[in-house]
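Breakdown of the fold
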Amino acid sequence: MSDIFKERHAKLGCMVLRLFPKVMQMILKDYITPKGLQTRFSKNDFRLVFTNNEVVLMEKLPNIDDFTVEISYKILRFEFNMLHEPKCKWGNVPHYTDVEIADDIQRIIHATNSIIKINTNNVTENYSENLLEEIKMMVTRIDSYLKQDDLGSLYNSLCRSETDSNAILQDLTSVKAIEESLPDTESDKRERFSRLSIPIIETFPKIQRDVIGKIMPVAKRLYQKCIPVLTTFYPEQQKIIKELQYSNTYDSLDVTLIYQLLRRLKLLPPPTKGWNKLPDKVD
């Protein structure tokens, strides 16, 4: 691997490791104070589900010096809905005429993912120069937005400084690609769990009641068939089975009890691979 390619990649890696996190930290502080974040976090007043590493960062509040691009982005976009969607929509590369703050955040995300994924041998002079120029224009706009010149100064310092290419590239391997899809919240998880519960609570019992009703249309006859083995069921199940002789309906039977009745009374032939084994798709 040519040293010049490593040097180019390492220079871009410095932007990912040192400049981009600082950019996002400053944007975040412009929208909400670190003290405000700390108060929200201490009250567990976040919808976001933070990773273990992110929890460690949140516990350092009001110090946000170690905040990553991703955690700042997640808080800005998903927690407080502070950012208007870029004109190009999230996940796409903004047009050069799109210069709102959200557009530049999208550029940071795209540049981060591009720099950490590209093979060092593919970091050509053209690729490096074009990306550095785009980053320079981006930090100039954000400095103007924040009414400062700190980011431009940091960018120039990183461009001029000597770098340990091997060390920078090694550190770059620990940076993971930034996910732009909506992260899970506890509410999201509860909603999915609720949706999965519907077939378990409503559909599966109905299916099994239809099956046993087709095999044994008269519930009283099923009770009579159970009498010789009644004591092998749990007391609560025995009570439900005994009620069949009066109710003449299977509405009180749950999935577990119907399964036991079908199997123990041999009301159905066993599955192709036998009971308690996952069937093949062709079974």
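Above this text you will find the structure in question.
Residues numbered from 1 in each chain as written. Predicted model: local features only at pLDDT ≥ 70, side-chain atom pairs only at ≥ 80, totals over all residues. Heavy atoms only, no water.

Thoughts on the pattern of salt bridges
Put simply, the rule is: Just to be clear on terms, a salt bridge is a Lys or Arg side-chain nitrogen sitting within 4 Å of an Asp or Glu carboxyl oxygen. Here a helix means four or more residues in a row that DSSP labels H or I, a strand means two or more in a row labelled E, and each is numbered from the N terminus. The rule is simple: take the accessible area with a 1.4 Å probe, protein chains only, and divide by the maximum for that residue type; under 20% is buried, over 50% is exposed, in between is partly exposed.
Evaluated as defined, the whole model comprises 9 salt bridges. In this structure, Glu 54 engages Lys 74 in a salt bridge whose closest nitrogen and oxygen atoms are separated by 2.9 Å. Within this pair, whereas Glu 54 is found in helix H3 (residues 52-58), its partner Lys 74 is found in helix H4 (residues 69-79), the two being separated by 20 residues in sequence. Here Glu 54 matches Lys 74 in class, with each residue buried. Two residues, Lys 60 and Asp 66, come together in a salt bridge whose shortest N-O distance is 3.1 Å. Overlapping salt bridges bring together Asp 104, Arg 107 and Arg 141 as one network.

Describing helix H1 (residues 3-31)
Quick note on the threshold: Take the residue count of a helix, subtract one, and multiply by 1.5 Å to get its expected span. At every residue, the bend is computed as the angle between two fitted axes, covering the seven residues ending there and the seven beginning there respectively.
End to end, H1 covers 41 Å across 29 residues, agreeing with the expected 42 Å (1.5 Å per residue, within 8%). Along H1, the sharpest kink reaches roughly 35 degrees, centred on Leu 19 and followed within four residues by the proline Pro 21.

Re the nonpolar core
To keep it simple, the criterion reads: Remark: nonpolar core denotes a set of buried residues (Ala, Val, Leu, Ile, Met, Phe, Trp, Tyr, Cys) joined through side-chain atoms within 4.5 Å.
If you look at the biggest cluster of nonpolar residues, it comprises 54 residues, and the most contacted ones within it are Leu 19, Phe 20, Phe 67, Ile 75, Ile 105 and Ile 135. Examining the composition of this core, we find that 12 residues originate from one element, H1, more than from any other. The next biggest cluster of nonpolar side chains, apart from the first, holds 19 residues, and it includes Leu 222, Leu 230, Leu 262 and Leu 265.

A look at the side chain of Asn 113
Note the threshold: Only heavy atoms matter for contacts: two residues are in contact if any of them lie within 4.5 Å across the pair.
Mapped onto the secondary structure, Asn 113 falls in helix H5 (residues 101-117). Given the relative accessible area of 11%, Asn 113 is considered buried. Those residues in contact with Asn 113 that lie beyond four places of it in its chain are Ala 177 and Ile 178.

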